[in-house]
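A look at the structure
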Amino acid sequence: MNSPTVRQEWSSKWPLPFVAMFGIAGVTMFPTSSGVFMQAVTGTFGWSRSQFAAAFLIQVLAGLVAIPLAGQLADRVGARKVVLWGIVPFAASLALLGLATGSIWQWWALCLLNALFVGFVSPPIWIKPVVAQFDVSRGLALSVALGGVGLSTMVWPLLAALYIGEFGWRSAYFLIAAT
């Protein structure tokens, strides 16, 4: 019988927390890069910072509905399918922010649309398979996966600043979504 050793089983699971880390880093790009976009967007449209930042309230409230529904869907069909269904719509809804025309209501609607798709690729969806796969070193695996928030905080503001500086804020939303 060729059963794998405990060490082989343990090491074969480790790509999963790293994939989850990059997924979590991707889904947190809007909140971690928005501060860089704020001046450019509000300057273009004459909005207050409060109007721009109200998008976060909209996203939090929408997330209170979307994320549990996505979690329920992940329980039914599996986290992998939910994430695969959600990646493209999430990125597309983020890119659509670059098409804002100046109506604050349109901005909030675009942010709401993005928040609904965030549910499909939210941290709980990425973490579900990590929890399922790890009995030993679960805390370490979760720490690696949740390190995506720190990675996001480091990478997205820098990329947003680079993209805005080189291409303007409208194109920067498309580029950051494509990245």
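Attention here is on the structure that accompanies the text. (Residues numbered from 1 in each chain as written. Predicted model: local features only at pLDDT ≥ 70, side-chain atom pairs only at ≥ 80, totals over all residues. Heavy atoms only, no water.)

With that settled, the discussion passes to the overall build of the protein. Within the protein, the regular secondary structure consists of nine helices and zero strands. Reading the protein from its N terminus to its C terminus gives the helix and strand order α-α-α-α-α-α-α-α-α. For the protein, the spread of C-alpha atoms along the three principal axes comes to 70 × 30 × 25 Å. The proportion of buried residues among the 179 residues of the protein is 40%. Accessible surface, the protein: about 9,500 Å² in total, of which carbon and sulfur atoms supply 68%. (Helix = DSSP H or I, 4+ residues; strand = E, 2+ residues; numbered from the N terminus. Buried < 20%, exposed > 50% of the residue type's maximum accessible area, 1.4 Å probe, protein only. Areas by Shrake-Rupley, 256 points an atom, 1.4 Å probe, with all protein chains shown as cover.)

What follows deals with the side chain of Ser93. Inspection of the secondary structure assignment puts Ser93 in helix H5 (residues 79-95). Among the polar contacts made by the side chain of Ser93, one reaches the main-chain carbonyl oxygen of Phe90 at a distance of 2.8 Å. Of the polar contacts made by the side chain of Ser93, one reaches the side chain of Asn114; its length is 2.9 Å. Those residues in contact with Ser93 that lie beyond four places of it in its chain are Leu113, Asn114 and Phe117. (Polar contact = N/O pair within 3.5 Å; in protein donor to acceptor, adjacent residues only side chain to side chain. Contact = heavy atoms within 4.5 Å.)

Right, let's talk about the packing of aromatic side chains for a bit. Aromatic ring pairs are described here by two measures, namely the spacing of the ring centres and the angle between the planes. Tallied over the full model, the rule gives ten aromatic pairs. Aromatic pair Trp47 and Trp107: ring centres 5.6 Å apart, planes at 55°, arrangement tilted. Here the residue Trp47 occupies a position in the loop between helix H3 (29-45) and helix H4 (49-77), and Trp107 occupies one in helix H6 (residues 104-118), the gap between them amounting to 60 residues. Trp107 matches Trp47 in its accessibility class, with the two residues each being buried. When the centroid spacing of 5.2 Å and the interplanar angle of 25° are considered together, the rings of Phe52 and Trp107 count as stacked. Of this pair, Phe52 sits in helix H4 while Trp107 sits in helix H6, and the two are 55 residues apart along the sequence. Of the residues examined, Trp107 reaches a relative accessible area of 0% and is grouped as buried. The structure contains a cluster of three or more aromatic residues connected by ring pairs, namely Phe37, Phe45, Trp47, Phe52, Trp107, Trp169 and Tyr173. (Phe/Tyr/Trp six-rings, centres within 6.5 Å; stacked < 30°, edge-to-face > 60°.)

Another aspect to go through is the nonpolar core. Grouped together as the largest cluster of nonpolar side chains are 49 residues, with contacts concentrated most on Phe37, Trp107 and Tyr173. The element that contributes the greatest number of residues to this core is helix H8 (residues 138-167), accounting for eight residues. Residues contacting Phe37, with those up to four places away along its chain left out, are Phe52, Ala160, Ile164, Trp169, Ala172, Tyr173 and Ile176. (Core = buried A, V, L, I, M, F, W, Y, C linked by side-chain atoms within 4.5 Å.)

The contact between helix H2 (residues 15-27) and helix H7 (residues 123-133) brings their axes to 9 Å, and the two run at 170°. When the axes of H2 and H7 are compared, the pair comes out roughly antiparallel. On the side of H2, the interface is formed by Leu16, Pro17, Val19, Ala20, Gly23, Ile24 and Val27, while H7 contributes Pro123, Trp126, Ile127, Pro129, Val130 and Gln133. (Axes fitted to C-alpha atoms, helices over the stretch in contact; angles between N-to-C directions. Parallel < 35°, antiparallel > 145°, perpendicular 65-115°, else oblique.)

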